Every structure is written in structure tokens, then in C-alpha cells.
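Descriptive analysis of the structure
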Amino acid sequence: MTYCVAMRLEEGLVFVSDSRTNAGVDHIAIFRKLHRFGVRGERIIVLQTAGNLATSQAVITRLQHQIQSNAERNLHNVSTLFEAAEIVGECMAHEIQHVTGLAQSNEYDFSSSILIGGQIKGEPPELYSIYPQGNFIAATMDTPYFQIGESKYGKPILDRALNYHTPLDKALRCALISFDSTIRSNVSVGTPLDLIVYRANQFNLPEGRRLYDTDPYFSMIRQQWSDGLRSTMTNLPQPPDDYWR
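Because the structure is predicted, anything quoted here is derived from the model rather than measured. (Residues numbered from 1 in each chain as written. Predicted model: local features only at pLDDT ≥ 70, side-chain atom pairs only at ≥ 80, totals over all residues. Heavy atoms only, no water.)

In this section: the packing of aromatic side chains. Where two aromatic rings form a pair, the distance of their centres and the angle of their planes describe that pair. Considering all chains together, one arrives at four aromatic pairs under this definition. Both rings, one in tyrosine 3 and one in phenylalanine 179, keep their centres 4.5 Å apart while their planes meet at 40°; by these two values the pair is tilted. Pair noted here: tyrosine 3 is in strand S1 (residues 3–8) and phenylalanine 179 is in helix H4 (residues 168–185), with a separation of 176 residues, a long-range link. Given the relative accessible area of 0%, tyrosine 3 is considered buried. (Phe/Tyr/Trp six-rings, centres within 6.5 Å; stacked < 30°, edge-to-face > 60°. Helix = DSSP H or I, 4+ residues; strand = E, 2+ residues; numbered from the N terminus. Buried < 20%, exposed > 50% of the residue type's maximum accessible area, 1.4 Å probe, protein only.)

Pairing within the open sheet is antiparallel, and its five strands lie in the order S5-S6-S7-S8-S9. Here the strands that pair on one side only, and so sit at the sheet edges, are strand S5 (34–39) and strand S9 (136–138). On average, each strand axis in the sheet is tilted by 20° relative to the strand beside it, whichever way the strands run. Pairing between S5 and strand S6 (residues 43–51): six bridges, direction antiparallel. Bridging from a neighbouring strand, phenylalanine 37 pairs with isoleucine 45 of S6. The sheet contacts of helix H2 (residues 81–103) involve S6, strand S7 (112–120), strand S8 (126–130) and S9, and relative to S7 the element is tilted by about 160°. (Pairing = 2+ DSSP bridges. Axes fitted to C-alpha atoms, helices over the stretch in contact; angles between N-to-C directions. Contact = heavy atoms within 4.5 Å.)

With that out of the way, let us pick up the nonpolar core. Judged by nonpolar contacts, the single largest core of 25 residues is most densely connected at Val5, Met7, Val14, Val16, Leu158, Leu176 and Leu193. Per-element tally for this core: the top contributor is H4, with nine residues. With residues near it in sequence (within four places) discarded, valine 5 still touches Val14, Phe15, Val16, Gln48, Leu115, Tyr145, Phe146, Gln147, Leu158, Ala175 and Phe179. With 21 residues, the next largest nonpolar core counts Leu81, Ala84, Ile114 and Ile116 among its residues. (Core = buried A, V, L, I, M, F, W, Y, C linked by side-chain atoms within 4.5 Å.)

Counted by the stated rule, this structure contains 18 salt bridges. Notably, a salt bridge pairs lysine 33 with aspartate 18, separated by 3.1 Å at the nearest N-O pair. You can see lysine 33 sitting in the loop between strand S4 (28–30) and S5 and its partner aspartate 18 sitting in the loop between strand S2 (12–17) and strand S3 (20–22), a full 15 residues away along the chain. For the pair shown, lysine 33 and aspartate 18 are each scored as buried. Linked through salt bridges whose partners overlap, the residues forming this network are Asp180, Arg184, Asp213 and Arg222. (Salt bridge = Lys/Arg side-chain N within 4 Å of Asp/Glu carboxyl O.)

In this section: the packing of helix H1 (residues 53–68) against H2. Close contact between H1 and H2 brings their axes to 9 Å; oriented N to C, the two are set at 130°. On the basis of their axis angle, the class for H1 and H2 is oblique. Crossing geometry of H1 relative to H2 is assigned as right-handed. Judged by residue contacts, Thr55, Ala58, Val59, Arg62, Leu63 and Gln66 of H1 engage Ile87, Val88, Cys91, Met92, His94, Glu95 and Ile96 from H2. (Parallel < 35°, antiparallel > 145°, perpendicular 65-115°, else oblique. Left-handed = near helix turned anticlockwise from the far one by under 90°.)

Estimated volume of the second largest pocket: approximately 220 Å³. The wall of the second largest pocket is formed by 13 residues, among which Ala50, Gly51, Ser111, Ser112 and Ser113 lie closest to the centre. Where the lining of the second largest pocket is concerned, the elements lending two or more residues are S6, S7, S8 and strand S10 (145–149). For the lining of the second largest pocket, the element with the highest residue contribution is S10, accounting for three residues. (1 Å grid on protein atoms, 1.4 Å probe; cavity = no way out; pocket = protein on both sides within 12 Å on 5 of 7 lines; lining within 4 Å. Points joined across faces, edges and corners; volume = space filled by probe spheres on them.)

Before going further, it helps to spend a moment on H2. An α-helix turns once per 3.6 residues; consequently, residues spaced three or four apart project the same way. Its 23 residues place the ends of H2 33 Å apart at the C-alpha level, agreeing with the 33 Å of an ideal helix rising 1.5 Å per residue. Taken as a whole, H2 has its buried residues at Leu81, Ala84, Ala85, Ile87, Val88, Gly89, Cys91, Met92, Glu95, Ile96 and Val99. Buried residues belonging to H2 abut S6, H1, S7, S8 and S9. Downstream of H2 by a residue or two, glutamine 104 has a phi angle that is positive, lying close to 55°. (Expected span 1.5 Å × (residues − 1).)

The next subject is the pairing of strand S11 (residues 193–199). Consecutive side chains along a regular strand alternate between the two faces of the sheet. With five of seven residues buried, S11 lies mostly within the body of the structure. Where S2 lies against S11, six bridges are found, and the strand directions are antiparallel. Counterpart to glycine 12 in the pairing with S11 is arginine 199. Relative to strand S12 (residues 209–211), S11 runs antiparallel, the two being bridged by three bridges. Across the sheet, residue leucine 195 finds its bridge partner in S12, namely arginine 209.

As C-alpha cells, this is what we get:
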């Protein structure tokens, strides 16, 4: 299992992914699930993957090969992020269909989900969630974020604290607390976390950052959030007698 969250906001884009994969409790490994493409000064495209690791890696490799071979349509020459999402969806649908045919069985799940976000010069920042079938939906002002993977534990903080106008620094805090909630409740999601924050219309290629449990800032806000929840719970008014007696 994995957990990824991506946000399309007024100020730009935020991407955070965990890196834990597991095939049972005794086979846990680290694989990067956040991938950056782009041309400095002209475009940035970020992909996040969840689901079958072999399928996800095959899709990323195919996209890289398209760029290296200067294919007629690739992530570095399409005019819009919508077209980029089409390419990714086509690659994923093709890969899933291929391996499903080789397996000759419905016993295995080869599906993956992918988030793709970024900005191409002349276009606004965009974010899409791509389904295993290859079709996709776009983030909007009303729904400015997407999650894939183990999303349920980290969703409440995003729903309560995030909107399209949230500044990037606060959005990143929301994302990290969302991951803290998920990590605490699900052992299949864990550090290190990979993150990229992109400010709209910069057309740079940020290196991003990898956060471990020992990261001072991440550790600090996790502790403050935990302490704050306990304090708030303690200070809530006692329920009326007829609620519980």
C-alpha cells in the first residue's frame, strides 16, 4: 500500500508521497513514487503512483523512453497537461492490458493509479487523477486536491483545513499532518516521504526534499499536532448527563 496527495492551489502545486511498499509483513521495501519530468523555463510535470509497483514502474519507464527517443507525443513536447494526462493514461491502460493477458487469470491485481500535475508555459497549473482504465478527472477550485492509495486516514484534515486559496506553506503543513495521521494508523504507509512544492509560473524544476522520521521540522509538527489534539480533547465541554447516564 502507499499514500500520495497532490494539491492544485491558487499559488501553485504541492506533491507528497510515501515510499513504503510491502508484500506481507516480512517483505517491506522503499521505492520512490514521486517522479519529476520537465524542461527548465518551459514546463514541469510531476507524477505520483500507487498500486501495483511493477505496473507503475513500467509506465514511468515507458514515458522516459518516449522522451529519450523523441517520440511524436511525449511529456516534453505536448502542448497541454491534458495531453500529458492522455499519454500517461494510454501507457497505463496498455501496460495493464498486456500483463493481464500474460497472466491469463483474474486472480491478480495489476492495476495502478497515477496523479499527474504541473504547468506548461502558456497554460495554468493543472492536476489530474488517472484511473487504471486510463481515463482521468481534473482538480477544480471546489476540489483542489487528490489522494491515491491509503487515503481515508489523512482525508479529514484536508477536508477541514484546505481550500483552493490556502497558501502553499499552510498546504504543505496540512499534507504532512495528513501523512502523520496515516502513518500512525496504517503500518503499510511510512517514511521516508518525498515532496515537491512548485510556485505557479516559475517554470523551475525543484529538486524537492526527502523527509525521514528524524527530520527536525516533521518531528516537531507531528508532536505539536499530537499534543494539540490531546489538549483540545481534554478541554472540550463535558457532555450533558442524559447523553451518557
